[in-house]
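# Structure at a glance
Each chain, letter by letter, is given below.
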Amino acid sequence: MAAPSSNTCGAMERSIRERVPPLLTDMYQFTMAYAYWRAGRHQEPAVFELFFRHNPFGGGFSLFAGLHDCQLFLRSFSFTDEDVEFLRSVLPPATDPAFFQFLRGLDCSGVTLRSVPEGTVVFARVPLMEVAGPLAVVQLLETSLLCLVNYASLVCSNAARFRLAAGPRRKLLEMGLRRAQGPDGGLTASRYTHIGGFDLTSNVQAGFLFGIPVAGTMAHSYVTSFTSLEEVWPQTLVAVSGDPDPVDFISLTKGWLSRVCELLGAEPAKIREGELAAFLSYAIAYPQNFLPVIDSYSVGCSGLLNFCAVALALCELGFRPVGVRLDSGDLCRQSVDVRHVFRLCSDHFSIPAFDSLIIVGTNNISEQSMAELNKKENEIDVVGVGTHLVTCTRQPSLGCVYKLVEVRGRPRMKISEDPEKSTVPGRKAVYRLVDTEGHPFLDLVSLALEPRPEAGVPLTCFPLGCDNSAVSITPAQVTCLCQEMFTKGQVTHPLCSAAETRAKVQGSLQTLHPRHKRLQEPESYTVALSEKLHNLVREIRRGSSNDSNFLLAN
């Protein structure tokens, strides 16, 4: 796999500045920033957290993605004169002109980002990112950071589920660009589905920017554009052996087609001449990469026969055809039939290359149909997935939120009538506790200043959603999840390539216990608060009722 060059890395940063300028945010971010500035609070130190409330797709886990773009976004964050003039035109006329001068000089030099590493398995309610800095700035960052993390993490998690459903043997091809929500959605999907476990993409720009292997041959339109062998040009092909005399490839293929029909007892009258012409033309153009779609008309009566004839002719000249693509009907049954014919040709004509031909299946594949492939007899080597992968049809959004947890060193908490929407106050550390078999079994959220849990030492914690019940646990290993990624205007943690993050995903998923990564009815993973953090939540809840009586004081 090709790694992104310095030129493509530069293109990625330019892409971030173009795709995610500071104005790509919600209007109320600017009205709040102005109110903070007007009150003289804009420089107050504040801390926000980004997290999600439910694991996606009814599953037991998610993957954290989008950090790379967040780092580049923070590094390039600044307002142009044009940005400021537009804001001047849309904010209320009473806005103090000095506020726009403040915005013009704003950047992220005072912002610190601590985060879970990209590609890590994560769980609901665990802080994924902590953004600290001047109150007005970190408020302005909210929408953009959510935009960069929400879809990237969702589609990456969706890809991981498809990978789990497919199993490790099959290759997976992402081919959803034409179905994606716009160009940016398509490019983001290609990048993060590869990180989540897909092997290939049809998206050429994604290959250029991110070093993802690209694949693709022909559509049905190419096949149906041909009607006669007279349209094939050139009609000759030079053998691999180096013999300079070109071979009449059409005549050679016709001879093989007669032999294939005889072997299979097929009716030559049902073979589509236009389809054969398309296959011949493509094979002459790409004799080493011959992989046509064979269901434009009839797989059994025409497409498979035409493929075998052209492929056998290629083999005779020393080339190695790649395989076929099936795009309609019962893919499992058809793949078995196709493989049977390949083996017959291999044995009868003594062509070993036919034993290694691949079969690609593409036909509106969903996670469910992917899982069903493993339950049925089939011979599919590569599965192409588009719509259900990139649009995340089972769940359109991960629902990440960005909540204030500290101002001026004091913990802040949202206390909602809906307990699920209440937040956990204070600056925090997150630790992943691992059992004796090497599987994570609990994520502990504690206050940042608390001592780190120690392996082999019992501790008391309070699992979220368990009615304030305490449990005692003893971890075999302890890992601190959050690391500093950005500070003082600079990226402080190395930017990872798509390939490096993809490896991180696979390693992280391998450590997860099977009961937590089951696609159906997984066991819930435990996220718990430390005793001190649990007590802080209780104190703030009690104090909030007293705060509500301030109008009655004195």
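Described in the following lines is the structure provided in the data block. Computed from a prediction, not measured in an experiment: that's the story for all the values here.

### Topic: the environment of G110
If you trace the backbone, G110 turns up in the loop between α5 (97-104) and β3 (112-115). Note: C-alpha distance between G110 and P45 (65 residues apart in sequence) is 9.5 Å. With residues up to four places along the chain from it excluded, the contact list for G110 reads A132, G133 and P134.

### Quick notes on the nonpolar core
Of all hydrophobic cores here, the largest spans 161 residues; its most connected members are L103, L141, F249, F307, F342, F354 and M370. Element by element, the count of residues in this core is highest for helix α7 (residues 142-166), at 14 residues. Y431, L444, I473 and V478 belong to the second largest nonpolar core, which has 11 residues in total.

### Here we look at the pattern of salt bridges
Scanning all chains against the criterion turns up 23 salt bridges. A salt bridge links R408 to E44, with the shortest nitrogen-to-oxygen separation between them at 2.9 Å. Residue R408 is located in the loop between β13 (401-407) and β14 (410-411), and its partner E44 is located in the loop between α2 (27-38) and β1 (45-51); the two are separated by 364 residues in the primary sequence. Note that E267 is salt-bridged to K270, the shortest N-O span being 3.5 Å. Its relative accessible area of 44% is what places K270 among the partly exposed residues. Within this structure, R169, R339, R343, E379 and D381 form a network of salt bridges that share partners.

### Overview of the sheet that holds β1
Spatially, 7 strands are ordered β14-β13-β1-β5-β3-β20-β21 in an open sheet, and the strand pairing comes out antiparallel. At either end of the open sheet lies a strand with only one pairing partner, and these are β14 and β21 (490-491). Note: β3 against strand β20 (residues 483-487), 4 bridges, orientation antiparallel. Its bridge partner being in β20, R114 is matched across the sheet by E484. Relative to the sheet, helix α3 (residues 67-76) contacts β3, β5 (129-134), β20 and β21, its axis offset from that of β20 by approximately 30°. Across the sheet, α7 lies against β1, β5 and β13, angled at about 135° from β13, the strand it touches most.

What counts and how
- Residues numbered from 1 in each chain as written.
- Predicted model: local features only at pLDDT ≥ 70, side-chain atom pairs only at ≥ 80, totals over all residues.
- Heavy atoms only, no water.
- Helix = DSSP H or I, 4+ residues; strand = E, 2+ residues; numbered from the N terminus.
- Contact = heavy atoms within 4.5 Å.
- Core = buried A, V, L, I, M, F, W, Y, C linked by side-chain atoms within 4.5 Å.
- Buried < 20%, exposed > 50% of the residue type's maximum accessible area, 1.4 Å probe, protein only.
- Salt bridge = Lys/Arg side-chain N within 4 Å of Asp/Glu carboxyl O.
- Pairing = 2+ DSSP bridges.
- Axes fitted to C-alpha atoms, helices over the stretch in contact; angles between N-to-C directions.

Everything listed here is a matter of coordinates, which is why it stays silent on function.
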